[in-house]
Structures are given as structure tokens and as C-alpha cells.
Amino acid sequence: MSPEILKIANEFGVWIIAALVVSVVAIQAILYTRLAYSTAEKLGMKKEKCNIAFRTGLVTAIGPVIAIFIVMVGMMSVIGGPMSWLRLSIIGAAPTELTAARVGAEALGVEFGSKNYNLLALATSWWTMAVNGIGWLLLVGLFSHKLESLREKIGGGDPRWLGLLSGAAMLGVFGYLNSADVVQGGGKLIAVVAGALSMVVMVKVTQKYPKLKEFSLGIAMLVGMFSAIIFS
Amino acid sequence: MNNQEFNKIWKQPVIKIGVFTLLLTAALSFLPVGYLYFVHGVIPDLALALKAWGMIAALFGAFYVVEPVSYYAVLGLAGTYMSFLAGNISNLRLPCASMALEVTETEPGTKEAEVISTLGIAGSIITNLIGVTIAAFVGTALIKLFPPVVANAFKVYTVPAIFGAVFGQFAFRFPKLGVVGIGIPVILRLTTKLPAWALIIASVFGTILVAKILNERAKRSAGTTA
């Protein structure tokens, strides 16, 4: 992208807009946290248990967030700081956002990041990222509460089966997500297999040392990553 | 606590917060486009805007529906609102929700699980927001501290390693379903050219179906031996 276009993408006004969107995400997280604590109290759950759950989320996220951090810094040089900040705070991971930005330029017939990438192309890229993101926001915002009846229909109120159902759904989701890396082979396959095996080891280890549980996913992730570097 | 009370103290406020924040963000998403129009006088005309919209919806449109439906059984209601507002669902929200349940030894699918996974996801969002905000303001300076091989490993291998680890966590508990969960998409990838959204549906609902069959069979044999 030419320096003049990038300069516009990094203007102060865009930072202000990005800050607005980021704060909505923060406010939502705070509102749900407060609601969860007050509901837990009414359900007779221990506060300490809630603190552990929240802290587990904080800690488990560190590794993946470092990955997002590195990708985002690269992305900033392509679509600018504020838009990267805005787009990676809400729905849409880096590959999705870069695809949308590129598709926007293509709709205009301009190559993304080329000399011809002008202000109109920038506007079209931004438009495309926005309309793509609202696809999820609108459908989830308007229809999520209807999904409960779907879960009840499949779940049927039997708590043992509901637990099994969640496990099966999780294995289906992550089976799908792993399948691309498994089929591709090489370092990514090693990362998947080493990640899975070290997690199984961590589950066993933490049965003896429960204090380590909060870190088990982080540790498994690091083992998977470094196995991929060493063995590929 | 009965379901009616739980509805009142949990579900109703969850829906209220969720609908409001998601629709607000949907509206705010267009501010950058508006900014370019009001400050620089540039905006794509209607034909171009619709063309770009059509092109991107052709790529991702199916996911707008398939992902919420497929992930709901794991995320729950508040978790769904939070995850689809904050994004990065597979690499952050789902792993953090499942670890929160695991660490607190909470049975999935219960009222307690709703609260616990909500807190796990909320924690991950806070870390996420801190990370992207630091990246936005001092990232370029900080990135030089990472040796290139480490930076590259994070970039390329964290996501597969997390996906593998979460799979391992659940496959350990349900080994038979683990074989099904990975088997369906891998076989379909090798033998067909199905689009990604169809692969998600096949592996999520295929695995749920097999779980249902195994569960019924276990119940029946328990019934006959008892």
C-alpha cells in the first residue's frame, strides 16, 4: 500500500473510532462477568470457583494472544494500526480480515496493496470488512436465543447426555479444525499430534498435581509448537 | 433453583446484553467507512458496494449460520454472544471455556457450566484486548525482541498445536468419539471436494449422532443387565 493511503488509514479519527468499538467489547465482557458472579452466588456456587474459572481464561489465552499479537503487527503494515486493532478485537481473525480487504480491492478491479490501490480501494476494503463482520454479528445478535430450543431438542433434558453432547460437539469442531493440518502433513501435522499427546500427558499429570491444571493447555501448546520446529 | 428462576436471573439479562452489544457493534462497524466519506469524500457507489458484499458473502456467508449453530452446544448462550462479538473462537474462546470447566471440575451442559464457561471466556477476552491494544500502540517496537524463529513458530504453529491439544483433552475422555470426530473430516477431505462449511456440519453433527447412538446402546444394555 502506498505511504499516502497508509497515512490516511492511520489518521487520528480512525483511532477514535477503533477505540469506541474496542470499548464495547470490554464493556460486554465486564457486564457478563458481573452477571456471572451474581448468578453464581444465587446458585450457591463458591466464589473461589468463579475466580479460578476467570483466571484460567486469562492464563490459557496468553499463548494464543502472543500469536495474534505477532500476526497483528504484520497486518498493521498492510491495513494500518487502527483498523487492525478494531478488526482483531471483534469477530474475524486475521486471515478472514485480510481476505475481506483483498476481496474489496478486487471488486474494484485493483490489486490489494499495489500502486493502484487508491482511496476508493481503501474505502471498498473497509466496507467489505464491515459487511462481512456484521454477517455474524446480526445472525448471532438476532437469533441466538432461538438456538436454545435446538439444544433442548437434541439434548432432551438428560444431564448425562448433555455432557456427552457437548463433548461430541467439541470433538466434531476440533476434528474439523485439525483435519486441514492433518491432511497437509509436515510441521503442522507434527504440531497437532504433539499438542494432542502432550495434552493427554498433562491431563494425567494434573490428576496428581491439580495446581498445574490452569497451565496445562499453555504447556501442551508450547510442546506442540517446539516439536514442530525441531522435527520438521 | 428451577428453570424459570434461572431464566429470570440469567437468561433474560444475558439476551438483553447480547442483543444490544452485538447490534451496536454491527452499526459501529460502518463508522470507518463513514469517516472516509465525511473527511475525504470517498465512498464506494452502490453497485460497487453490492458487488463487494456479494463476493465476500459467497466466501463466508454459510459460516454466518453454520458456526453459531455448530458451536452453540459447547459455548452456551452468553458464551455465544461473547464469542461472536470478540471473535477468535476456535483458538481462544472454545479452548478457554473448556479449560475453565476442566479446572473447576464442572459438568458440561449444566447451569453451573453456563456460568463457569462464561467466566473463562470473559477472562480470555480481557487478555485478548490487552494483547491487541499493546500490539496497536507499541507492537512494532516489541516485535523486535522476539527472535525470528520464535516469532515464526508462534505465527505458524500455535494454532495447530492448540487445536491438537483441545482435541487431545476431549479424545482422552471419549476415545471412540475422538476417532469419529477426526475421521469424518479427514476422510471427506481426502475423498471429496466439499466446501468447508459442509465439512463442519458433517463432523459436528456426525459426531453428535454417533454419540447419540452409543449412548442409546449403553442405556439399553444397562437396562437389560440391571
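Computed from a predicted model, the values in this text were never measured in an experiment.

The rules behind these values
- Residues numbered from 1 in each chain as written.
- Chains lettered and ligands numbered in written order.
- Predicted model: local features only at pLDDT ≥ 70, side-chain atom pairs only at ≥ 80, totals over all residues.
- Heavy atoms only, no water.
- Patch = residues over 30% accessible without salt bridge, like charges linked within 9 Å, V, L, I, M, F, W, Y side chains within 5 Å.
- Areas by Shrake-Rupley, 256 points an atom, 1.4 Å probe, with all protein chains shown as cover.
- Salt bridge = Lys/Arg side-chain N within 4 Å of Asp/Glu carboxyl O.
- Helix = DSSP H or I, 4+ residues; strand = E, 2+ residues; numbered from the N terminus.
- Contact = heavy atoms within 4.5 Å.
- Buried area = accessible area lost by both parts, 1.4 Å probe.
- Polar contact = N/O pair within 3.5 Å; in protein donor to acceptor, adjacent residues only side chain to side chain.
- Nonpolar A, V, L, I, M, F, W, Y, C, P; charged D, E, K, R; others polar.
- Domains from an automatic or database assignment.
- UniProt positions renumbered as here; feature names shortened; annotations may be inferred.
- Expected span 1.5 Å × (residues − 1).
- Bend = angle between axes of the 7 residues up to and from the residue.

## Describing a nonpolar patch on the surface
Residues and elements named next belong to chain A.
- A cluster of nonpolar side chains, Val 201, Val 205, Tyr 209, Leu 212, Phe 215, Ile 219 and Val 223, forms an exposed patch at the surface whose accessible area comes to about 560 Å².
- The set of elements that each furnish at least two residues to the nonpolar patch consists of helix 9 (186-208) and helix 10 (216-231).
- Tracing the backbone through its elements, the reader meets Tyr 209 in the loop between helix 9 and helix 10.

## Examining the interface of chain A and chain B
- Between chain A and chain B, the contact holds 141 residues from the first and 148 residues from the second.
- Between chain A and chain B, roughly 13200 Å² of surface is buried when both sides are summed, and carbon and sulfur atoms account for 81% of that area.
- On the chain A side of the contact with chain B, A:Tyr32, A:Leu171 and A:Tyr176 bury the most area, a combined 6% of that side's loss.
- Linking chain A with chain B are one salt bridge, by the criterion used here.
- One salt bridge in this structure joins A:Lys213 and B:Glu105, with 3.4 Å as the shortest N-O distance.
- Remark: the boundary between chain A and chain B carries 20 residue pairs in polar contact (both at pLDDT 80 or more).
- For the side of chain A that touches chain B, the element with the highest residue contribution is helix 7 (residues 119-155) of chain A, accounting for 28 residues.
- Tallied by class, the residues present in the side of chain A that touches chain B amount to 94 nonpolar, 32 polar and 15 charged.

## Details of the domain arrangement of chain B
Residues and elements named next belong to chain B.
- Domain boundaries assigned for chain B yield domain 1 (75-173) and domain 2 (175-226).
- Domain 1 and domain 2 are separated by 25 Å when their C-alpha centres are compared.
- Together, Phe 167, Ala 171 and Arg 173 form the three largest contributors to the area buried by domain 1 at its contact with domain 2, with a combined 94%.
- Between the two partners, domain 1 and domain 2, sit zero salt bridges.
- Here domain 1 and domain 2 share zero residue pairs in polar contact (both at pLDDT 80 or more) between them.
- Of the residues that constitute the side of domain 1 that touches domain 2, the class distribution is three nonpolar, no polar and one charged.

## Some details on the UniProt feature "transmembrane region" (unreviewed entry) in chain B
- UniProt's feature table lists "transmembrane region" (unreviewed entry) at residues 20-40, 46-66, 115-142, 154-174 and 194-214 of chain B, given in the numbering used throughout.
- Across residues 46-66 of chain B, the secondary structure splits into 100% helix and 0% strand, with the terminal C-alpha atoms separated by 28 Å.

## Quick word on helix 3 (residues 46-86) of chain B
All names here are of chain B.
- With 41 residues, helix 3 extends just 29 Å between its outermost C-alpha atoms, more than 12% less than the 60 Å of an ideal straight helix rising 1.5 Å per residue.
- Where helix 3 bends most, the angle comes to about 115°, and this point is Gly 76.
- Put simply, Asp 45 is the residue that caps the front of helix 3, since its side-chain oxygen is 3.2 Å from the backbone nitrogen of Ala 47.

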